[in-house]
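Letter by letter, the chains look like this.
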Amino acid sequence: MKAAILLSLESYESFYGKSFGLTFEEYLRSYRNDWSWEYVAGLNRQGIETILYLPSLKGSGLFTTPEGYQVRCLKVQSWYKPWIKFSWLHRTPLGRYSGQVANGAAFFDDLRQALLQDGIDLLYIQGYWTGRYDYLTSRLHLPIIAADHGTSSYRQITWAKRRTLSAACRVTCQTRDELLEVKSYGASA
């Protein structure tokens, strides 16, 4: 089995580059300070070949870390840059949701090609309260595990969640309250 983990960031550059000051080369060579690396290592030990998928403004491609982990950059189309440049576009729930949908659309073609090229059987999507999750789930035709990593439904647009959360083969939650909430949308949580 082959799995991909899609991290919930607008782009590598706007998160790891801007917030952490990491070049992509440094990220590949030595950055291992988040959950995704533990998931990749653990799944690989279980015989599930796992690739990290990162949206990127600078390009696409498959890269290998010194430990042999695989990381694929998914090209975010340049038309998405205004959503990064003008952060005020994300200040309202509707603005944030539309920006998240636009983000998913901006790298969707590259994602679809990568899933086929990499022979991915299962996609783990971080952040199911986002519009990006709704957009991707409604367009992809493979098993999806939807995961929460700290976001809540508070001030999120949830009109599509009954359809998109129930479309995931599994949904993982961090709390009992959230488990009950996503189950109310029909999720297998």
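All residue numbers refer to positions counted from 1 along the written sequence of the respective chain. Restriction of local features to residues with pLDDT of at least 70 applies here, the model being predicted, together with a cutoff of 80 or more for giving and counting side-chain atom pairs; totals for whole chains, interfaces and linings are based on all residues. Just so you know, side-chain values use all the structure's heavy atoms and leave hydrogens and water out.

Student: Could you give me a rundown of the pattern of salt bridges, with the residues and numbers involved?
Tutor: The working definition used for a salt bridge is a side-chain nitrogen of Lys or Arg within 4 Å of a carboxyl oxygen of Asp or Glu. Enumeration over the complete set of coordinates arrives at 5 salt bridges. A salt bridge links R32 to E67; the shortest N-O distance between them is 2.8 Å. With a gap of 35 residues between them, R32 in the loop between α2 (24–30) and α3 (35–45) and E67 in the loop between β3 (61–64) and β4 (70–75) connect regions that are remote in the sequence. Burial classification: accessible surface area is computed with a 1.4 Å probe over protein chains only, and a residue below 20% of its type maximum counts as buried, one above 50% as exposed, and the rest as partly exposed. Residue class for E67 comes out partly exposed when judged on its relative accessible area of 43%. Segments assigned H or I by DSSP are reported as helices when at least four residues long, segments assigned E as strands when at least two residues long, and all are numbered from the N terminus.

Student: An account of the sheet that holds β4 is requested, with residue identities and associated values reported.
Tutor: In this analysis, strands are considered paired if DSSP registers two or more bridges between them. Across the sheet, 7 strands lie side by side as β3-β4-β2-β1-β5-β6-β7; this open sheet has mixed pairing. Here the strands that pair on one side only, and so sit at the sheet edges, are β3 and β7 (170–172). On average, each strand axis in the sheet is tilted by 25° relative to the strand beside it, whichever way the strands run. By the bridge criterion, 3 bridges tie strand β6 (residues 144–147) to β7 in an arrangement that is parallel. Across the sheet, the residue bridging to A147 is T172, located in β7. Residue contacts follow a heavy-atom distance rule, with two residues in contact if any of their heavy atoms lie within 4.5 Å. Axis lines are fitted to C-alpha atoms, over the contacting stretch for helices. Their N-to-C directions set the angle, which ranges from 0 to 180 degrees. Across the sheet, helix α6 (residues 131–139) is in contact with β1 (2–6), β2 (49–56), β5 (122–126) and β6; its angle to β5 comes to roughly 165°.

Student: Quick rundown of the side chain of S153? Include the residues and the values.
Tutor: Within the element layout of this structure, S153 appears in the loop between β6 and α7 (161–167). Residues contacting S153, with those up to four places away along its chain left out, are W129, T158 and E181.

Student: Hey, could you go over the pairing of β3 for me, with residue numbers and the actual values?
Tutor: Here β3 runs beside β4; their pairing, made up of 4 bridges, is antiparallel. Across the sheet, residue G61 finds its bridge partner in β4, namely C73. Remark: 5 residues form the turn of the hairpin made by β3 and β4, two consecutive strands paired antiparallel; G68 in that turn has positive phi of roughly 95°.

Student: Help me get a handle on the layout of surface pockets, residues and values and all.
Tutor: Looking at the largest pocket, its volume works out to about 380 Å³. The element contributing the most residues to the lining of the largest pocket is helix α5 (residues 93–118), with 4 residues. A breakdown of the residues in the lining of the largest pocket according to their chemical character gives 2 nonpolar, 13 polar and 3 charged. Put plainly, a pocket is an open set of points on a 1 Å grid over the protein atoms alone with protein on both sides within 12 Å along at least five of seven lines, a cavity is a set where a 1.4 Å probe fits but cannot get out, and a lining residue has an atom within 4 Å of a point. Grid points are joined across faces, edges and corners, and a volume is the space filled by probe spheres set on the points. Each residue gets one of three labels, nonpolar for Ala, Val, Leu, Ile, Met, Phe, Trp, Tyr, Cys and Pro, charged for Asp, Glu, Lys and Arg, and polar for the others, Gly among them.

Student: Kindly report on the nonpolar core, identifying the contributing residues and their values.
Tutor: By nonpolar core is meant a set of buried Ala, Val, Leu, Ile, Met, Phe, Trp, Tyr and Cys residues that side-chain atoms within 4.5 Å join together. Y53, L136 and L165 are the most contacted members of the largest nonpolar core, which totals 32 residues. At the level of elements, β1, β2, α5, β5, α6 and β6 are the ones that each hand at least two residues to this core. By residue number, the principal contributor to this core is α5, which donates 7 residues. In this structure L165 touches Y128, W129, Y133, V171, V182, Y185 and A187, once residues within four positions along its chain are discounted. Counting 23 residues, the second-largest nonpolar core is a separate cluster that includes L9, Y16, L28 and L52.

Student: Mind laying out the environment of H141, listing which residues take part and the relevant values?
Tutor: Mapping H141 onto the fold places it in the loop between α6 and β6. In the structure, H141 is positioned 26 residues away from A167 in sequence and 9.9 Å away in space, judged by C-alpha atoms.

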